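Observations on chain architecture
Chain by chain, the residues:
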Amino acid sequence: FPPALQSIPRNPIVLDLADSFIDFPSIENRMKKDKKGFISRLWG
Amino acid sequence: MAPKTKEKLKAAAAPSQPPPSIEDLFTSLNRHIQRSEFTQAVKVANQVLSVAPGDEDAVRCKVVALIKADKIEDALSAIQSAQKVSFDFSFYKAYCLYRQNKLDEALELLEKQDKTQSGMLLESQILYRLGKMDSCVDICRNLQRAKIDSLEINLVAGLVSAGRASEVQGTLDAI
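What counts, and at which threshold
- Residues numbered from 1 in each chain as written.
- Chains lettered and ligands numbered in written order.
- Predicted model: local features only at pLDDT ≥ 70, side-chain atom pairs only at ≥ 80, totals over all residues.
- Heavy atoms only, no water.
- 1 Å grid on protein atoms, 1.4 Å probe; cavity = no way out; pocket = protein on both sides within 12 Å on 5 of 7 lines; lining within 4 Å.
- Points joined across faces, edges and corners; volume = space filled by probe spheres on them.
- Helix = DSSP H or I, 4+ residues; strand = E, 2+ residues; numbered from the N terminus.
- Nonpolar A, V, L, I, M, F, W, Y, C, P; charged D, E, K, R; others polar.
- Phe/Tyr/Trp six-rings, centres within 6.5 Å; stacked < 30°, edge-to-face > 60°.
- Buried < 20%, exposed > 50% of the residue type's maximum accessible area, 1.4 Å probe, protein only.
- Lys NZ or Arg CZ within 6 Å of the ring centre and 35° of its normal.
- Salt bridge = Lys/Arg side-chain N within 4 Å of Asp/Glu carboxyl O.

A closer look at empty space enclosed by the protein
Residue and element names in this part refer to chain B. The final tally for this structure, using the stated rule, is 3 cavities of 30 Å³ or more. As for the second largest cavity, its lining consists of L110, Q113, D114, K115, T116, G119, M120 and E123. By residue number, the principal contributor to the lining of the second largest cavity is helix α8 (residues 117-129), which donates 3 residues. Here the lining of the second largest cavity is composed, by residue class, of 2 nonpolar, 3 polar and 3 charged.

Structure (structure tokens):
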């Protein structure tokens, strides 16, 4: 004691891929820009 | 004091002006999201919620922004207080629990839900952490048809950790 140091294989890499499934909702239709687009469409 | 947005400063300078409309706030929220300014996004989402409590888009933006800002505990609180919102936050909640390493709790939550690609992917990551490599590999194999980017990295990790390194080459060749 203590036991002799020895090498160990490195752990393989695991990625957090589930993260990419957490995303913001589309809020384009809640923005003013959309309304302007509507008005300019009427004017255009 | 926290830095304020231009809109806020303008409003403060001219008290007679009406407060920003919900549309203005969503425009600002969208800009913060595009710029990955997640802490700012949370603040604006809160502004929306102070005018329109329970607004589903605002609640969802707030929860996602908190997760992206690594404020997992706050994200869980936000989910907890969003009971009336019709959006199903179960996957988000399970993901937060996974991030807090509350693996059994996360798994339990996922098992109650219908199987979705995202749920299965998260389940495979939880099983990996729990050391249940064979189950992890099984799910990754089931997900292979879903064409999830970089999934093969986790699949190989599962195989190696399961002591099935001999299957790695064949698996990679089959992709």
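Comments concerning the packing of aromatic side chains
Aromatic ring pairs: the centre-centre distance and the angle between the two ring planes describe each pair. Residue and element names in this part refer to chain B. Evaluation of the coordinates by the stated rule reveals 6 aromatic pairs over all chains. Ring centres of F89 and Y92 lie 5.8 Å apart, and the angle between their planes is 80°; on these two criteria the pair is classed as edge-to-face. For the pair F89 and Y92, one class covers both residues: buried. Taken together, F87, F89, F91 and Y92 form an aromatic cluster joined through their ring pairs. R60 extends its terminal NZ or CZ atom over the ring of F87, reaching a point 4.0 Å from the ring centre.

Considerations on the pattern of salt bridges
Residue and element names in this part refer to chain B. What the rule picks out here adds up to 7 salt bridges over all chains. Its salt-bridge partner being K115, residue E123 comes within 3.1 Å of it at the nearest N-O pair. Taking relative accessible area as the criterion, K115 reaches 56% and is therefore assigned exposed. Residue R141 pairs with E167 through a salt bridge whose shortest N-O separation is 3.2 Å. Here E167 lies in the loop between α10 (151-161) and α11 (168-174) and R141 lies in helix α9 (residues 133-143), a separation of 26 residues in the sequence. What makes R141 partly exposed here is its relative accessible area of 30%. Three or more residues are tied together by salt bridges with common partners; here these are D134, R141, R164 and E167.

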